[in-house]
Amino acid sequence: MPRLQVAIDGTAGAGKTTIGQMLATQLNCPYLDTGAMYRAVSLLALQANITLEDKDGLAQIARAMNFSTREATPTEATDGRQYTVMVDGEDVSQKVRSSEVEAIVSQVAAVPQVRSELVTKQREIAEQAGTIVMIGRDIGSVVLPNASLKVYLDASPEVRASRRVRQSGLLNTEQAKHGLEQRDRIDSQRTTAPLVIAAAALYINTDNLSQEEVLAQVKAALAPLLD
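Residues numbered from 1 in each chain as written. Predicted model: local features only at pLDDT ≥ 70, side-chain atom pairs only at ≥ 80, totals over all residues. Heavy atoms only, no water.

Some thoughts on the nonpolar core
Then comes step 1: With 35 residues, the main nonpolar core has Val 41, Met 65, Phe 67, Val 87, Val 114, Leu 118 and Met 134 as its most contacted residues.
Then comes step 2: Taken together, the elements giving at least two residues each to this core come down to helix H2 (34–47), helix H3 (55–64), strand E4 (83–87), helix H4 (99–109), helix H5 (112–129), strand E6 (132–136) and helix H6 (139–143).
Then comes step 3: Setting aside its immediate chain neighbours within four residues, Phe 67 contacts Leu 32, Ala 36, Met 37, Ala 40, Val 85, Met 86 and Val 87. (Core = buried A, V, L, I, M, F, W, Y, C linked by side-chain atoms within 4.5 Å. Buried < 20%, exposed > 50% of the residue type's maximum accessible area, 1.4 Å probe, protein only. Helix = DSSP H or I, 4+ residues; strand = E, 2+ residues; numbered from the N terminus. Contact = heavy atoms within 4.5 Å.)

Overview of the packing of aromatic side chains
Then comes step 1: One pass over the structure, following the stated rule, counts two aromatic pairs.
Then comes step 2: Ring plane angle 40 degrees and centroid distance 4.8 Å describe the contact between Tyr 31 and Tyr 83, whose orientation is recorded as tilted. Note that Tyr 31 is positioned in strand E2 (residues 31–33) and Tyr 83 in strand E4, a separation of 52 residues in sequence. You'll find Tyr 31 and Tyr 83 in the same group, each marked buried.
Then comes step 3: Taken together, a centroid distance of 5.9 Å and an interplanar angle of 10 degrees make the contact between Tyr 152 and Tyr 203 stacked. Remark: Tyr 203 occurs in strand E8 (residues 202–205) and Tyr 152 occurs in strand E7 (residues 149–154); sequence separation between them is 51 residues.
Then comes step 4: Looking at Tyr 152, the relative accessible area reads 6%, which means it is buried. (Phe/Tyr/Trp six-rings, centres within 6.5 Å; stacked < 30°, edge-to-face > 60°.)

Description of the pattern of salt bridges
Then comes step 1: Summed over all chains, the structure comprises 15 salt bridges.
Then comes step 2: Residue Glu 76 is joined to Arg 70 by a salt bridge in which the shortest nitrogen-to-oxygen separation is 2.8 Å.
Then comes step 3: According to the relative accessible area criterion, Arg 70 is partly exposed, its value standing at 34%. (Salt bridge = Lys/Arg side-chain N within 4 Å of Asp/Glu carboxyl O.)

Concerning the sheet that holds strand E3 (residues 67–71)
Then comes step 1: Strands sit in the order E3-E4-E5 across an open sheet of three strands; the sheet is antiparallel. Both edges of this open sheet fall to E3 and strand E5 (90–91), since each of them pairs with a single strand only.
Then comes step 2: Bridge count between E4 and E5: two bridges; the pairing is antiparallel. Bridge assignment links Val 87 to a residue of E5, and that residue is Glu 90. (Pairing = 2+ DSSP bridges.)

Some remarks on unusual backbone geometry
Then comes step 1: One non-glycine residue with positive phi stands out, namely Asn 28, at about 55 degrees.
Then comes step 2: For Asn 28, the position within the fold is in the loop between helix H1 (16–27) and E2.

The values are spatial; any link to function lies outside them.
What follows is the structure in structure tokens.
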């Protein structure tokens, strides 16, 4: 298989994680959810009592942390995960999904110094992997602007909120919708690497599509590159 970089961006709840993991499994290549890296910085900041105003402190966390992901073991997969997130040798897969992290991750991700540190790490991971599926909110536009294939997944706020409620089992739809819209607003309006549809990206609205139908569209776009 030729060296491939697949960049999958899009709004929260549009299906990036699921499609990215499915595609990486089929391509038998590494998968990186860059959002987990920003969540990891947020988690470490909370643990170290570093405030959002301390941009240099946040950047230092991003620079120093040892971040990696790997396919979940059968035991780990019992909680529904496909991949395990490791930070400084600790499994933080559940911790990075906490409500406390969720509340600040978009603000942490908006800090230019943090983005600079993590983009460097993300590019290094992609270079070492050769072929990789990477998901996030600035992959095709910033991290991997020369990616073999760029995809942008989207869905209506109502559909995305409904999905989040099913995933979490905690929020009601209105709360989930408000949270998603607030996060989209922060990510779209930040001055550094805002959420945009990258040039030449394949745009897919997933509202009325199954996971298999979305994956089929991505694979169809990828097929000419596999020859």
